[in-house]
Amino acid sequence: MRFEITPYDDHGAPTAPDVVDLTTLRERLTRAAVTGERLHIRPGPRHDGPTTRPQE
């Protein structure tokens, strides 16, 4: 699964979003907890394969 993370600057304005995987999301959350960084996180669909199985 992929996640879109939108960080916010010191004035509360959103900066450019990043699309990351679960491992990177966990790293960013850990860093945000320590530094006080504000993030908005949205889950996104996977784009590396079909989402449904083909019917026979």
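Please refer to the structure placed before this passage.
Residues numbered from 1 in each chain as written. Predicted model: local features only at pLDDT ≥ 70, side-chain atom pairs only at ≥ 80, totals over all residues. Heavy atoms only, no water.

Chemist: How would you sum up the sheet that holds strand 2 (residues 18–21)? Please name residues and give values.
Modeler: One open sheet holds the 3 strands; their spatial order is 2-1-3, and the pairing between them is antiparallel. In this open sheet, the two strands that pair with only one neighbour each are strand 2 and strand 3 (38–44). The sheet shows a mean angle of 35° between the axes of neighbouring strands, direction not considered. Where helix 1 (residues 22–35) meets the sheet, it contacts strand 1 (2–8), strand 2 and strand 3, and its direction lies at approximately 110° from that of strand 2. (Pairing = 2+ DSSP bridges. Helix = DSSP H or I, 4+ residues; strand = E, 2+ residues; numbered from the N terminus. Axes fitted to C-alpha atoms, helices over the stretch in contact; angles between N-to-C directions. Contact = heavy atoms within 4.5 Å.)

Chemist: Which residues make up the environment of Val19, and what are the values?
Modeler: On the secondary structure map, Val19 appears in strand 2. The spatial distance from the C-alpha of Val19 to the C-alpha of Phe3 is 5.5 Å, given a sequence separation of 16 residues. Once residues within four sequence positions are removed from consideration, Val19 is found in contact with Arg2, Phe3 and Glu4.

Chemist: Can you explain the side chain of Arg28? Please cite residues and give values.
Modeler: The topology assignment puts Arg28 in helix 1. Setting aside chain neighbours within four positions, we find Arg28 in contact with Ile5, Pro7, Asp18, Glu37 and Leu39.

Chemist: Please give an account of the pattern of salt bridges that cites residues and values.
Modeler: On inspection of all chains with the given rule, the structure shows 3 salt bridges. Note that Arg28 and Asp18 form a salt bridge whose closest N and O atoms lie 3.1 Å from each other. Taken as a pair, Arg28 in helix 1 and Asp18 in strand 2 lie far apart in primary sequence, 10 residues in all. For Arg28, a relative accessible area of 10% puts it in the buried group. Judged by its relative accessible area of 32%, Asp18 falls in the partly exposed class. Between Glu37 and Arg28 there is a salt bridge, with the nearest N and O atoms lying 3.7 Å from each other. According to the relative accessible area criterion, Glu37 is partly exposed, its value standing at 28%. (Salt bridge = Lys/Arg side-chain N within 4 Å of Asp/Glu carboxyl O. Buried < 20%, exposed > 50% of the residue type's maximum accessible area, 1.4 Å probe, protein only.)

It is worth stressing that arrangement in space is one thing and function is another; only the former is reported here.
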